[in-house]
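Now for the letters of each chain:
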Amino acid sequence: LDLEGKKKERRSEEELRGRIDYLFDTGVIAAEAMNFMRGRSITDTWLIIDEAQNLTPKQAKGIITRAGAGTKIILLGDPGQIDNPLLDARTNGLSYASEKMKGSPLCYQVTMTADECERSALATDAVKRM
């Protein structure tokens with residue numbers, strides 16, 4: 001990129017950061033620790049849990065059972081990228097929730113293929129080898 005292109009890119013990033021900050025400042029988006037969930041009913045919310053493959057089955061259940069009226073929960077993750085030494089591709093919270101909620105009329109599941117979500121050839125090779 002030329003100097004002008006870099007300036008435009010920087011302005012775009014600053015504008016995006018400002019919009020994101022606005023969403024957090026006004027409470028439209030909030031980021032909370034898992035401990036924040038305990039004992040709550042969460043209503044009228046889109047709850048997005050990233051890295052759900054690192055949850056235990058009990059943590060996944062704890063999150064899903066906190067859903068109050070109007071709440072939608074999205075669990076995101078890749079069972080091939082678990083970094084919790086006590087979990088594996090079958091025993092993690094994402095796989096557990098997926099298996100237990102199969103057939104529920106209140107649950108939809110989307111599984112991406114490797115070619116739809118590959119980070120890089122190196123990442124794919126590492127998943128296979130490690």
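Residues numbered from 1 in each chain as written. Predicted model: local features only at pLDDT ≥ 70, side-chain atom pairs only at ≥ 80, totals over all residues. Heavy atoms only, no water.

Caption draft 1: Molecular detail of the pairing of strand 1 (residues 46-49). Burial of the side chains of strand 1 is restricted to one face: Leu-47 and Ile-49 are buried, whereas none of Trp-46 and Ile-48 on the reverse face is. For strand 1 and strand 2 (residues 72-75), the ladder comprises four bridges, and the chain directions are parallel. Across the sheet, Ile-49 pairs through a bridge with Leu-75, a residue of strand 2. Once the chain exits strand 1 it traverses helix 2 (residues 57-64) before rejoining the sheet at strand 2, and the crossover so formed is right-handed. (Buried < 20%, exposed > 50% of the residue type's maximum accessible area, 1.4 Å probe, protein only. Helix = DSSP H or I, 4+ residues; strand = E, 2+ residues; numbered from the N terminus. Pairing = 2+ DSSP bridges. Right-handed = clockwise from strand over helix to strand, strands pointing away.)

Caption draft 2: Representation of the confidence of the model for the protein chain. Across the protein chain, the average pLDDT comes to 88, with 98% of residues at 70 or higher. When mean pLDDT is compared element by element in the protein chain, helix 3 (residues 93-100) scores highest at 96, while helix 4 (residues 114-117) scores lowest at 74. (pLDDT = per-residue confidence, 0-100.)

Caption draft 3: Here's a closer look at the environment of Leu-23. Relative to the elements of secondary structure, Leu-23 occurs in helix 1 (residues 3-25). Each residue touching Leu-23, except ones within four places of it in the same chain, is listed here: Val-28 and Ile-29. (Contact = heavy atoms within 4.5 Å.)

Caption draft 4: Just the nonpolar core, in detail. Met-37, Ile-42, Leu-47, Ile-49, Ala-52, Leu-55, Ala-60, Ile-63 and Leu-94 form the largest nonpolar core, which has nine residues in total. For this core, the elements supplying multiple residues, two or more each, are strand 1 and helix 2. Those residues in contact with Leu-55 that lie beyond four places of it in its chain are Met-34, Ile-49, Ala-60, Ile-63, Leu-87, Asn-92 and Gly-93. (Core = buried A, V, L, I, M, F, W, Y, C linked by side-chain atoms within 4.5 Å.)

Caption draft 5: Expanded view of the side chain of Asn-54. Counting through the fold element by element, Asn-54 comes out in the loop between strand 1 and helix 2. Its relative accessible area of 17% is what places Asn-54 among the buried residues. From its side chain, Asn-54 meets the backbone nitrogen of Asn-84 in a polar contact 3.4 Å long. Excluding anything up to four places from it in sequence, Asn-54 contacts Gln-59, Gln-81, Ile-82, Asp-83, Asn-84 and Leu-87. (Polar contact = N/O pair within 3.5 Å; in protein donor to acceptor, adjacent residues only side chain to side chain.)

Caption draft 6: Representation of a negative patch on the surface. The grouping of Asp-50, Glu-51, Asp-78 and Asp-83 at the surface amounts to a negative patch. Positionally, Asp-78 belongs in the loop between strand 2 and helix 3. (Patch = residues over 30% accessible without salt bridge, like charges linked within 9 Å, V, L, I, M, F, W, Y side chains within 5 Å. Areas by Shrake-Rupley, 256 points an atom, 1.4 Å probe, with all protein chains shown as cover. Salt bridge = Lys/Arg side-chain N within 4 Å of Asp/Glu carboxyl O. Lys, Arg positive; Asp, Glu negative; His and termini not counted. Charge placed at Lys NZ, Arg CZ, Asp CG, Glu CD.)

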